[in-house]
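The primary structure of each chain is shown beneath.
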Amino acid sequence: MNPGDRVRVERADVTNEGVLMPSSTAEHLVIKLDGGYNVGVDREAASVDVLESDVHVVDDEPDPEAGDVSEITFDDDLPTISLISTGGTIASTVDYRTGAVTARFDAEDVLRAVPDLAGRANYRGRVVANILSENMDPAIWQDLAQAVHEEIAAGADGVVVMHGTDTMQYSAAALSFILETPVPIVLTGSQRSADRPSSDNVMNAVCAVEAAKSDCAEVLVCMHADESDDACALHRGTRVRKNHTSRRDAFETVGAKPLGEIDYETATEDGSDGAVADEAITLRREYASRGETLDIEPDLAADVELATFAPGMDPAAWEYLEDAAGVVVAGTGLGHVHTDLIPRIEALVDDGTPVVMTSQCLEGRVCDRVYDTGRDLLDAGVIEGGDMLPETAMVKLMWAVANADDVAGTMRTSLAGELTAESRPWR
């Protein structure tokens with residue numbers, strides 16, 4: 001039997017029929033079921049019958065040592081998009097020995113895995129990391145920002161960063177503060193791996209490339225706009241949050257509708273070229289247009305902490321903050337903590353540690369002038385974080401401590417759309 005054959009596999013009391021796929025190990029069979037899912041089977045424990053040979057042509061994985069690598073052709077009439085991989089589900093495969101999703105592909109492998117990207121742009125591939133995004137850290141943000149800067153300096157007309165979804169909002173914020181960009185920088189990923197029939201990797205990748213060809217020269221997150229396959233939303237990198245663990249439309253812009261969207265049907269029309277982005281994309285608010293200025297300020301104070309207040313917590317729980325370079329507090333409501341915590345915050349400020357107050361609420365802004373606790377916090381030296389998301393505020397404070405002479409003033413000033421002048425209802 002060979003990959004591409006239709007087979008019946010029996011083991012114990014379970015029978016599966018499907019197409020035999022290439023396997024990462026000699027000890028396991030991989031069967032693609034009719035419903036689209038893949039299943040791994042212990043070869044020794046299974047009985048296999050070939051029902052039909054060569055039902056599908058199935059290529060083996062490329063072997064770089066044998067020179068079997070993804071081929072990228074260049075067309076002078078197409079824009080050049082740099083694909084930067086950091087790992088995550090969009091660049092993952094299933095390890096059938098464990099059933100776990102494992103980051104594995106480099107950027108060029110994504111082109112091979114998503115043939116719909118062909119003909120849309122010229123591509124350059126680059127790997128910054130090959131990790132699941134829970135392992136992301138500020139040092140990798142700096143490496144990523146440097147790689148993006150180098151790609152744009154080398155002539156890329158746009159950048160797509162393939163990233164795990166769990167911490168994508170943090171990386172998007174980091175790039176927003178570290179870089180001043182003349183071209184779009186689009187982060188995308190997938191909630192569901194490529195072996196699942198409901199995978200969102202192809203649509204997200206295609207829409208991200210179209211966004212990277214657009215006029216919107218900002219850091220964006222491009223993910224499913226809803227549960228269907230109609231459009232991808234474009235979220236500003238400093239206002240986006242992952243609000244669901246597994247839905248394909250897990251990402252939302254907090255405080256407003258997304259900055260724009262990509263219509264997938266328009267983006268996938270035959271004869272796709274550089275003009276399709278203009279037809280497929282809708283932008284509903286002001287945005288930074290393409291320009292000439294490229295700049296990078298990569299320094300970050302990594303030892304900034306995000307502390308969440310909870311009722312009844314022991315003030316001693318915040319002792320770890322004493323050596324922090326900065327602290328962002330996610331308080332309740334308008335920006336409150338228990339009265340017993342205020343002396344600890346005041347001591348931090350007196351020692352020169354900037355403390356920024358944000359809210360655990362997803363809508364609205366901090367205002368510590370309404371209640372006595374808020375006024376006491378202001379007297380203690382807390383910096384109001386406006387309507388910044390706590391996660392964004394943490395990344396911004398890392399950047400501000402390392403780069404700004406006036407940290408408090410910088411935190412109160414919108415640098416990349418992270419602050420709005422006033423809270424507005426969803427619209």
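Owing to the predicted nature of the structure, the values given are computational and were not obtained by experimental measurement.

## Quick notes on the overall build of the protein
Regarding its fold elements, the protein presents ten helices and 23 strands. For the protein, with 427 residues in total, the buried portion stands at 51%. Sequence-distant contacts in the protein: of pairs separated by 6 or more residues, those separated by 24 or more amount to 68%. About 19100 Å² of surface is accessible on the protein, with carbon and sulfur atoms providing 44% of the total.

## Overview of unusual backbone geometry
Most of the time, phi is negative for any residue but glycine, and the peptide bond is trans. Residues other than glycine seldom take positive phi values, yet A12 does so here, at roughly 55°. With respect to the helices, strands and loops of the structure, A12 is situated in the loop between β1 (6-11) and β2 (14-21).

## Focus on the sheet that holds β2
One open sheet accounts for five strands, arranged β4-β3-β2-β1-β5; its pairing is antiparallel. At either end of the open sheet lies a strand with only one pairing partner, and these are β4 (38-42) and β5 (47-52). Sheet twist, expressed as the mean angle between neighbouring strand axes with direction ignored, is 45°. Here four bridges tie β2 to strand β3 (residues 28-33), and the two strands are oriented antiparallel to one another. When the bridges of β3 are listed, G18 appears paired with L33.

## Overview of the pattern of salt bridges
Overall, the coordinates contain 18 salt bridges when judged by the stated rule. Between R6 and E17 there is a salt bridge; the shortest N-O distance is 3.9 Å. Here R6 is found in strand β1, whereas its partner E17 is found in strand β2, with eleven residues between them in sequence. Between R120 and E210 there is a salt bridge, and its shortest N-O distance comes to 2.8 Å. Placement of R120 in the loop between α1 (107-113) and β9 (122-127) and of E210 in helix α4 (residues 201-212) is noted, with a sequence separation of 90 residues between them. On the basis of relative accessibility, which here comes to 0%, the residue E210 falls in the buried class. Salt bridges here are not isolated pairs; linked through shared partners, they connect R124, R126, E150 and E151.

## A look at helix α7 (residues 342-350)
All buried positions along α7 are accounted for by I342, I345 and L348. With its buried residues spanning 120° around the axis, α7 presents them on a single face. Buried positions along α7 lie against β21 (326-331), β22 (355-359) and α8 (372-379). At the exit of α7 stands G352, carrying a positive phi of roughly 95°.

Criteria and cut-off values
Just so you know, the residues in each chain are numbered from 1, in the order the chain's sequence is written. The model is predicted, so local features are restricted to residues of pLDDT at least 70 and side-chain atom pairs to those at 80 or more, both for listing and for counting; the totals for chains, interfaces and linings are taken over all residues. Side-chain metrics rest on all non-hydrogen atoms present in the structure, leaving aside hydrogens and water. A run of DSSP states H or I qualifies as a helix once it reaches four residues; a run of E qualifies as a strand once it reaches two. Both are numbered from the N-terminal end. Partly exposed residues are those whose accessible area sits between 20% and 50% of the maximum for their type, while under 20% is buried and over 50% is exposed, using a 1.4 Å probe and protein chains only. Between two residues, a contact is recorded if the distance between any of their heavy atoms is within 4.5 Å. Here, Shrake-Rupley sampling with a 1.4 Å probe gives the accessible areas, and only protein chains in the shown set may cover a residue. Any two strands with at least two DSSP bridges between them are considered paired. Axes here mean lines fitted to C-alpha atoms, for a helix over just the part in contact, with angles spanning 0 to 180 degrees between N-to-C directions. Each salt bridge in this description consists of a side-chain nitrogen of Lys or Arg and a carboxyl oxygen of Asp or Glu lying within 4 Å of one another. Directions pointing from the helix axis toward each C-beta atom define the arc.

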